[in-house]
Each structure stands twice: as C-alpha cells, then as structure tokens.
Amino acid sequence: MKSGGIGRMCVFGTVLILLACSDFVFGQDVVFNLLEGDQLGREVGNVAAKAGLVSIVGEQDFTHLRYSFLTTQTPYYTYFNIHNQTSLLTTKQAIDRETLCEFTNDCFIKLNIAVQSLKTSFFKKVSVHVYIGDVNDNPPVFDKPVIDLQISESVLVGTSITIDGARDADTSDKYSLQSYEVMPNDTPFEINFQKKLDGTSIVRLIVKEALNREQRDNYHFNVVARDGGSPPLSGTLKVNITISDVNDNSPKFSQSVYFIEVKESVNLSTVILTIRATDLDDGKNGKVFYRLSPHQSETVLTSFTIDNATGDLSVIKPLKYVRGEQHVIIVEASDFGDQPLTSQALVNVTVLDVGNNPPSINLNLLSSDSLAKVSEFASRGTVVAHIAVDDPDTGKNGEITCSINNPAFSLQRLENKEFKVTVDRALDRELYQQIHVTVFCSDSGSPPLNASDSFFVEIEDENDNAPIFELSVYTAGIMENNNIGDVIVHVQATDEDELKNAELIYSLTESSNGMFYIDEKSGIIRTHAKLDRENVSSYSIVVMARDQGTPPLSGSATVIISVLDKNDNKPVFNQSRYIFSVDENAPAGSHVGILYATDSDEGENAVITFTGPDSVPFTIFPGGYIKTDRILDREVQNRYEFIAKARDNDQEATAIVTISLNDKNDNKPQVTSPSHLNNTIYVDKHTEVNTMVTIIRAYDLDSGINSQLIYEIVGRNDSGHFHLHPDKGQVILKRSLENNAGTSFRLDILVSDMGHPVQSTPATLNIRILSTGTAAQTQNKSNNNIVIVAILVSVTVVISLAIIVIIVFIKRSDNQRRSRGREGENFYKGVVENTATVFAAPSEESISEKKKKKGVSFSLENGVDKVSEVTTQGQEFTYDNDMQRKVDDSHSLGSASDSGRGGSDDELNTSRNHNSSGDMHSTKKDWYVHHQRSYNAPMQTFLPPSNPPSYHLLPHPGSSQNSLHSYQYSDSVDPGPSDASLRTLHHGRSVSYDTNSSSGRELKNQNEGHSNDCVV
C-alpha cells in the first residue's frame, strides 16, 4: 500500500516535470512557462501561434480571428490579458508562485481561451497551461528564532534530535530549502534534514560525538538553513542544548493519502473520517497528538476540524458542490516526547451533489466585458458571445435548455452546458447601431428553475457607404484676372458611415490642370492661377471625396466654372491698313468698304462701334460700313487717308483707311499750245525735212487710259508738208519749204483721250513760212511779246493775291458772326497725317450756272508741255505757272474787266458761300472749278487779229485716207448755234467734241458730194 502510493506519486511528478520542461500543444492545449514576478505586462506567449490556428482556418480568415477569456472554471484569468486580435498573452497582475501554489513543487494556471472569427462561423476553445517558474525571492524562515533542547547525556553517538526546520516559501527544486549547517562547526552535533509536504523540513540534530555533561552541560550554536539560490538565501535558528534524554521516533499514519466523498448536505460537526497514527516510543514519547497543519488554505481550516486525541475529522461549515473540485487537507500527528516528532498525511475530500439549484448564466462577451461588438459585414454564423451555464445539480435538475429573444442572432449549443451566440442575418449599422439580446436558461427539474441574462451588441461600422456630394454638378463663376487663392465654390459631401469611414478628404482630378486647388478638409475650391476668359472661357473639373476606410471609398461631382468677362481686351482690326476705292462722281451714300474688327471679350464688352473723323467726305457707320456722304471728284482730290476707330465700352483701336477715287472719263483733253492767244508759228523756208517745228501740248485731268492722248490732224491745207506724231504731238516737216516762202498753212488738230466714251478737244495751228530775214524779225517780235506777257501776268498775280487775302479776312470775320446760327455744309476738311489738303466742293447749281457763262480766253506759253493730272502732296496743291495765270484771269475777283471772263455778283456770292470755311486753299479750289468749267467749254476758233470773213476748210491731199470731214468755222463775233456738235472718224474710232456759240457751227456732212476745193 505504501509503495504503491509512492509509485503513483513518482509517475505524477515525472509528468509534471516533463510538462514544465517544454512548451507543447496536446490537441488544442497550449503550455507556456512563466517566471513569477510583480512586473505587469510581461509577455507570456502567442496563443494562436502555439495552437497552430493559421493552419486550421487558413491565412485569409486568420486575420479575422478574435480572442477572449472564458471565465468559467478559470478563476485565475484575472492575472492575465489577451490581445483580442493578436492573441498575445501578457500579465495583468503580479504573479506570486508561493501564493498560487503554496504547497506544490510544480505550479501551473489553467486558462480557457475562446477563439472566434469575425467573418465566419469558426469558434474554438483553447486550453492554456501557464507553468509558473520559481524565483528565489523568499529566504528560509524558522518558526522560532530560538529553541531550547534537552539531551540525555547517555545518548548514543549518531542519535538524532528532531527540531523544527526552516520553511522556504519557494517550493521549486532549485530555490527551495537545500541545506542546513551548524555554526560553529566545532560542536559535537551535525544536521540531517528531510523535506516535508508543506514546504518545511524535518531537521535532525545528530550527535556525532559522545556527550559528557560533567565536561559540558550545554551547547549554544546556530543552525543555518540555505536554499539553492545563487547566492543562496539563508535563515538562522539559535539552538540552546541542555544535555538530557531524547525522543527519536515519530508517529506513523496508517496511510499517507486518504480519499473520501461527502454529500453537500452533510450536517455540521459530522465526523467524515477518523485518522489513526502510531508511535513506537513509550510513554509520553509514544502518545500521539493530532492537528490540521496550519500551513494550508483558509478554506480547509474554516471548513474542517480534527479531534486532537482521537483523530476524528469533522465538518464545521456547509459544503457546496463544485464540479471537479476537491478539498485537500493536510493532517499532522505528533508525539508527546520532550522533543516531539511529527508526521503528515493528505486527505482528499470530494463533495457530492444533492438537491435542485437554479442555473447560473455566465456570459462571456468576446469583444469586451460590457458590450459585445460585431462587424456589420459579419456573415451568418459569426460568434458574438459565449455562454456557460452553471448548475451544480445532477440528473434532470442539471439538464439545461437555453433560448434567445432577438431574431438577428441565434443560440447554438457547444457542449452540455455551453452555448455560443451567432449572427443569424445580415446586419446594417446604418439602420441600428446597438441590439439588445436576452438569453433565457432553465433546468429540467420539477418544478423547473430558470435564469436570464442580457447584453447589448454594438454593430461595428464597415466602410460600405461611399461619400455622396450634395449636388452632382456644381456651377460657379469667377471674374477673369483674378487673384490667386480667390474662393470659387464650396462643395460638401456626406458619408453615412462613422469615424474614419466617414472622415472625408477632398481632392481634384487632373482635369483641373493645376488651375485650381481644393482644401482637403473643408472642400473650398480656390484658384491656383490667374484665369483668362479669352484663353479658356469655362472649366469642367471633377472633385473627389474619399473616406478613410479600408479600403477607401470615394464619390465625385462635376464643377463647371465659368470665367466671367472683364473688359481687358481692346478691339483688334483684322488689318492695320485698309485700302478701298470708289468711283468718282458716285452718288452720296455709295458703298466704299467694310471695316472688320474683333474683340476677344464677350457680351457688352465685345460690342464694337466704328467711327471716323468728321473732316472726310465719308461716313463710317457703327457696323463698320463706309459710305460716301457727297459726290466726289478725283480731279479735286484723288486719295483720302484717315484714321478709323473701333471702340468697345472702354477701349479703342485704330486703323489707317486709304480710299482712292477711281477715275471716270469726265474731263476732255485741255490743249495748252496752240492757244487762242498764240496759235501761229513761223518756219524758215530753209528748214530741213524731218525737223520738228513745234509740239502740240495738251493734258487731261483724268488718269490712266482716260488721260492717254492721241493727236491727229482733222483738217489741213498744207498739202502734206507736215506730219503730226499721234502719241507725242510733234509737228514734223516732211517736205521742203523752199518754194513756199510767204505761204500760210492751217492745221485743224483734234486731241482725244483713250477713255470710254472718248473725249476730244479741237485746236488750230497756223504755220507761216518765212524767208531767213523775216524769220529773225518775227522771232524778235515774238520774244518781245513774251516779255510783255510775262510782265502783265506777274502784275496780275500780285494784285490777285492781295485781293484774295482781303477777301479771306472779310470771310473769316463774317463766318465768325454767323457760325452759331447756321448749319454747316459738307466740306472737304483735309486729309489726316498731313498728306493732303481737302477743298470744299462747289455746289451743282454754281457749276451748272457757270457752265452757261461764256468761256474764258487766256494764253499759254510755248514752254508748257502737258498737265495730265492734278495731285496733292502734303499740304501743297501742285499746278504750273500757266494754271496760276488761269486762276488770275478766270477768278471773278481777280479781274475787274470782262476782257477774260468776268464774274457776276451771283457767281461771286456763290463762290463766297462755298468758301465759307475760310480755307487758305480756296483760291486754288475756286481756280479749279473755273478752270474745269472753262476747259470743258468748247475752244474758240483761232483767227488772225483782223476780222476775216468766214471760210470753208476743204480736205488736203491725203485726207481721204483719214476719213476726214469738212468743217465750217466762224469768228468769235458770230456765236453760231449754241449746241453744235462736230464729229470725225479717225482710224476707225469715233471722236466727238462739242462747241458753244464761240466755236462755230457744225456743217453738214460732206460725204455727199463735197469738193476738193478750199473756198475762203
């Protein structure tokens, strides 16, 4: 019996030693080693890693596992913390091995860990054994610091004397009590000891030498107890020995371990066991005394007691059935010797269940102690809580059934009295954030007893809602040329999630092109650059709102930004210079051209109005159309140049407009030589053939082909002695004049232009053939006449200028008096940029009236070749001296007589009205009007000074080739028919000219039977 018990204890100890030596997993049991200590937060180990959970659930679901303590049957879970995500087990309180395992060599704590998945129905209970390693933190301690012993002097050498040994709270093999030593060591005693179950030891003081009381009757020394630490801790017992006899046998129990069962309904003071021990000594040394070891749990000492004399073990406190629990009682037996000896035995008491008790619900919320938490993404079967029902009853009284009241969750049985609360349907935190759950449990007793418990389940938010903007499309406007950082629009989005899942960050996509930026917190969009509407008038950008969930969700909206116009662009002409042309004599309002300008602005800022100066005979309409405001005459001015303006609300641009007048063939050629004052030339009879004797000089105020002149002889009596060059007007001698001295020849010349219709002017050239002496006299006389004419012309010019100055001064004074009450007429005010002077146009009544007047006769010098155009250069009107003389002769204010062409008072007033502007160039303008009128009038017939009778000019030899007709001429006295018309056919083209009363009358066509004779 004794050896069997020892063998079982050895096997049990071996198993415990193996468990303590290594961490291992047996099934789902996990073992960790931990040294005792008072440091909090020490790492014990990773439950998931030791349990190999990653290989069980897989890597994907492993991250969704959560860990918590099951408090049922694990009272020491409060010493530890477990991380609910990583399963890292750490200390929560100071762990004292001596407190937890006071009387055991091997100390371990059992923990039950619940493992659940947030996403799946996986659930596992893992048992964890934490073996507490001993630390040498307790020295050996004797119960008494001093003991007094009495030893018989007759004691034999080797006799042992038992003393109370020291007790070391450290119970491990390494740090428990290891040795005793007598100090000093010169005494006749030595120490032998044996460890006891309660951590103390049986210490025997052995006599190693014979004692002689007569030599020494007492001994005083110290017994030092040391543990196995390094350095070892020690305790000291002071021993005072008086030599006497000794008790050397300790009581012996009938068995070292007792096992009994007791119903929980046992009455108090009931003896449940009688323990027996024997002592081989005699007398008082053999009498046994029983007691409960004071070194055991308080529960045992308060629940049981033992009779000191009889060894009867009885109950002194009601017992309660606890499944799997036993009461372990240490009983001591001591003798009554002078040195009592003591032995110990173990009593294992099992409490049996009787009666019916209501169940007790132990609720374990896997996420926290007060609130269960589950993700709204949790799938059906996800575990929310663990329920352990405690009912100590047996049979029907211990059969438990449980139910749950919320349809969102279900209750599933794990073991006989363990359940799990799982998700039974889809959850949505946005509908309800917390759910109240009540669990009902009852036994099957009669009557059944029940219990209930409730808890709240908090639905944890998942990022399942994307941000939503208040508007899908925002519209905003901002003025161009803005400042950087100007606010454009404030956008806002909302997210139905919470916390970080609803924390929004705003951003712009690349559609902004760096022109805008957004405050990521507030959603205010600002400008990042200056905007130019003319470059880009609107922007369409995409703004994003992204939450901070995992994974993040985002929403977007479109922001349309209109760049509002500012009048920052002036109009731009499509060309800097416009060149137009218009026909002269076109009616007022004739279209000239269109100005084009653009403005990059918009709206009212882009409305362009065109204007021009008032000083030109054109009207520029606001739309850019240019039209004439009067009839224009190219011969007065052939080109106009001015500045046109294009203006919007605030700014304007300019362009140069040049308008040229297209010539119309409205002027006849003007013959300057021969003239009515000088139409005779003298030719020496010895002049060689092919010599140019004179030049017919003429000009045409028109231009281009309208001013290109053709010279031809339409009537002659020179028998072909002379030839007229058709282009140059040169009169060339073609036959010798040796035999024609004293003879006079007459050439009727017609000067025509090349325009359409053809305009022509006739002229007469008289040629007198002289001998050598006569020619010289004639030439001298002619030279004298030229000098006289030049002097007369000069005097006339000076007088005319003086009169003009007086008239201009009078006109200016008169105009200043009447300027407020009269409306201005259309004037030519001048050309811009000092290119030309513009003259006031004469009225049509004045011109028509003057055309009815008699033509002016004046003389041109031979030196005048041709005036083909009248042009303007700057502020000067170009004309030759002969023209100046024409002005003097023809101006009504320049001649007091009617010898040339006198002006009536009506004409004078008309002229003054047209010169009311006071233009210094009025003299030239009036000259031009009179000049044009007189030159357009038919030329008078040039006759000798005497008044010869009228005559007929018959064709000369060869005239038939030129298809010439005969003409009848009269002198200047006979006015003839007023509107006679003379026509001839030259080289197949029609040439016409008109004559007035002073030009003679047209004779009947001589095609029908005209004679070749010349009748004078």
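Given the structure is predicted, the values throughout are model-derived calculations rather than measurements.

S.K.: Got a minute to help me understand the overall build of the protein in this structure?
M.R.: Within the protein, the regular secondary structure consists of 11 helices and 67 strands. Buried positions account for 47% of the 1016 residues belonging to the protein. In the protein, 69% of the contacts between residues at least 6 apart in sequence involve partners at least 24 apart. Split by element, the accessible area of the protein, about 50000 Å² in all, is 50% carbon and sulfur.

S.K.: Can you help me understand the nonpolar core in this one?
M.R.: Proteins that are soluble and globular tend to have nonpolar side chains buried together. Counting residues in each nonpolar core, the largest one holds 29 residues, and the members touching the most others are Phe 80, Leu 89, Leu 111, Ile 113, Val 128 and Val 130. At the level of elements, strand E2 (29–35), helix H2 (47–51), helix H3 (53–57), strand E4 (65–70), strand E5 (80–82), strand E7 (108–117) and strand E8 (123–133) are the ones that each hand at least two residues to this core. With sequence-adjacent residues up to four places away left out, Ile 113 is seen in contact with Tyr 67, Ser 68, Phe 69, Ile 82, Lys 124, Lys 125, Val 126 and Val 128.

S.K.: Even after reading the chapter, I still don't get the environment of Glu 399, so can you show me in this structure?
M.R.: Mapped onto the elements, Glu 399 comes out in the loop between strand E29 (383–390) and strand E30 (400–404). Each C-alpha atom, one on Glu 399 and one on Pro 448, is 9.9 Å from the other, the two residues being 49 residues apart in sequence. If we ignore the near neighbours within four places in the chain, the residues touching Glu 399 are Ser 442, Asp 443 and Ser 444.

S.K.: Please clarify how the sheet that holds strand E6 (residues 88–91) should be interpreted in this entry.
M.R.: Through backbone hydrogen bonds, the strands of a sheet pair up, either in parallel or in antiparallel fashion. The 3 strands are arranged E3-E6-E5 in an open sheet whose pairing can be described as antiparallel. Edge positions in the sheet fall to strand E3 (43–46) and E5, since each has one partner strand and no second. Between one strand axis and the next, the sheet turns through 20 degrees on average, direction left out of account. The sheet contact formed by E3 and E6 spans 3 bridges and is antiparallel. Across the sheet, Glu 43 pairs through a bridge with Thr 90, a residue of E6.

S.K.: In this structure, what is going on with the side chain of Thr 628? I would like to understand it.
M.R.: Along the chain, Thr 628 turns up in strand E50 (residues 625–628). Looking at Thr 628, its side chain comes within polar contact range of the main-chain oxygen of Pro 587, at 3.1 Å.

S.K.: Mind showing me how you'd approach the state of the cysteines here?
M.R.: A covalent bond bridging the sulfur atoms of two cysteines is what the word disulfide describes. In this structure the tally under the stated criterion is 2 disulfides. The disulfide partner of Cys 101 is Cys 107, and the S-S distance across this bridge is 1.8 Å. The S-S bond linking Cys 101 to Cys 107 shows a torsion near 65 degrees; that makes this disulfide right-handed. We note that Cys 101, like Cys 107, is buried. Here Cys 402 connects covalently by a disulfide to Cys 441, the sulfurs 2.0 Å from one another. Every disulfide takes its handedness from the sign of the S-S torsion; for Cys 402 and Cys 441 that torsion is 110 degrees, giving right-handed.

S.K.: Where do I start with the side chain of Ser 752 in this structure?
M.R.: Looking at the secondary structure, you find Ser 752 in strand E60 (residues 744–753). With a relative accessible area of 0%, Ser 752 lands in the buried category.

S.K.: Can you walk me through the pattern of salt bridges in this structure?
M.R.: Close approach of charged atoms lets side chains of opposite charge pair. For the structure shown, the criterion picks out 24 salt bridges. Measuring nitrogen to oxygen at the nearest pair gives 3.1 Å for the salt bridge that ties Arg 380 to Asp 424. Placement of Arg 380 in the loop between strand E28 (372–375) and E29 and of Asp 424 in the loop between strand E32 (418–423) and strand E33 (434–443) is noted, with a sequence separation of 44 residues between them. You can call Asp 424 partly exposed: its relative accessible area is 26%. In this structure, Arg 429 and Asp 461 form a salt bridge, with 2.9 Å as the shortest nitrogen-oxygen distance. Here the residue Arg 429 occupies a position in the loop between E32 and E33, and Asp 461 occupies one in the loop between strand E34 (450–460) and strand E35 (468–469), the gap between them amounting to 32 residues. We note that Arg 429, like Asp 461, is buried. Each of Arg 429, Glu 430, Asp 461 and Glu 498 takes part in one network of salt bridges that share partners.

S.K.: What am I meant to see in the packing of aromatic side chains here?
M.R.: Here the distance between the centres and the angle between the planes together describe a pair of aromatic rings. All told, the structure shown has 17 aromatic pairs when counted by the stated rule. Pairing Phe 69 with Tyr 77 gives two aromatic rings, centres 5.9 Å apart and planes at 50 degrees, and the pair type is tilted. Owing to a relative accessible area of 27%, Tyr 77 belongs among the partly exposed residues under this scheme. Taken together, a centroid distance of 5.8 Å and an interplanar angle of 70 degrees make the contact between Phe 573 and Tyr 578 edge-to-face. Residue classification places Phe 573 among the buried residues on the basis of a relative accessible area of 9%. Of the aromatic side chains, those joined through ring pairs into one cluster are Phe 573, Tyr 578, Phe 580 and Phe 610.

S.K.: Just to check I follow, could you spell out the sheet that holds strand E58 (residues 722–724) for this structure?
M.R.: With respect to topology, 3 strands assemble into an open sheet ordered E55-E59-E58, the strand pairing being antiparallel. Looking along the sheet, the strands with just one partner apiece sit at the ends: strand E55 (692–695) and E58. Adjacent strand axes in the sheet meet at a mean angle of 20 degrees, parallel and antiparallel pairs treated alike. With 3 bridges connecting them, E55 and strand E59 (residues 730–733) associate as antiparallel partners. Bridge pairing in E59 places Thr 694 opposite Val 731.

S.K.: Would you take a moment to explain the pairing of strand E10 (residues 146–150) for this structure?
M.R.: A one-sided burial pattern is seen for E10, the buried positions being Ile 147 and Leu 149 and the unburied ones Val 146, Asp 148 and Gln 150. Pairing of E10 with strand E17 (residues 234–242) involves 5 bridges; the strand directions are parallel. For Val 146, the partnering residue across the bridge sits in E17 and is Lys 238.

S.K.: How should I be thinking about unusual backbone geometry in this particular structure?
M.R.: Backbone geometry follows two general trends: most residues other than glycine have a negative phi, and most peptide bonds adopt the trans configuration. Backbone torsion omega between Met 183 and Pro 184 reads 0 degrees, so that peptide bond is classified as cis. If you trace the backbone, Pro 184 turns up in the loop between strand E13 (177–183) and strand E14 (189–195). A cis amide bond links Ser 673 to the next residue, Pro 674, at an omega of 5 degrees. In this structure, Pro 674 sits in the loop between strand E53 (670–673) and strand E54 (680–684). Within the chain, Leu 499 stands out as a residue other than glycine whose phi angle is a positive 55 degrees.

S.K.: Help me understand the confidence of the model for the protein, please; the structure alone is not making it clear to me.
M.R.: Any segment with low pLDDT has predicted coordinates that should not be analysed in fine detail. Averaged over all residues, the pLDDT of the protein equals 77, while 76% of them reach at least 70. Low confidence marks residues 1–27, where pLDDT is under 50. Its contacts with residues over four positions away, or in another chain, come to 21 contacts. For residues 821–1016, every residue scores under 50 in pLDDT, and the model assigns this stretch 389 contacts once sequence neighbours within four places are set aside.

S.K.: So what exactly am I meant to see when it comes to the environment of Val 657 here?
M.R.: Along the polypeptide, Val 657 turns up in strand E52 (residues 652–662). Remark: the alpha-carbon pair of Val 657 and Ile 579, spanning 78 residues in sequence, is separated by 6.0 Å.

S.K.: Looking at this structure, how should I read the environment of Leu 765?
M.R.: Take Leu 765: it is sitting in strand E61 (residues 760–770). In sequence terms Leu 765 and Ser 673 are 92 residues apart; their C-alpha atoms lie 8.8 Å from each other. Those residues in contact with Leu 765, other than ones at most four positions away along the chain, are Pro 674, Asn 679, Ile 681, Thr 694, Ile 696, Val 731, Phe 745, Arg 746, Leu 747 and Ile 749.

About the cut-offs
- Residues numbered from 1 in each chain as written.
- Predicted model: local features only at pLDDT ≥ 70, side-chain atom pairs only at ≥ 80, totals over all residues.
- Heavy atoms only, no water.
- Helix = DSSP H or I, 4+ residues; strand = E, 2+ residues; numbered from the N terminus.
- Buried < 20%, exposed > 50% of the residue type's maximum accessible area, 1.4 Å probe, protein only.
- Contact = heavy atoms within 4.5 Å.
- Areas by Shrake-Rupley, 256 points an atom, 1.4 Å probe, with all protein chains shown as cover.
- Core = buried A, V, L, I, M, F, W, Y, C linked by side-chain atoms within 4.5 Å.
- Pairing = 2+ DSSP bridges.
- Axes fitted to C-alpha atoms, helices over the stretch in contact; angles between N-to-C directions.
- Polar contact = N/O pair within 3.5 Å; in protein donor to acceptor, adjacent residues only side chain to side chain.
- Disulfide = S-S within 2.5 Å.
- Salt bridge = Lys/Arg side-chain N within 4 Å of Asp/Glu carboxyl O.
- Phe/Tyr/Trp six-rings, centres within 6.5 Å; stacked < 30°, edge-to-face > 60°.
- pLDDT = per-residue confidence, 0-100.

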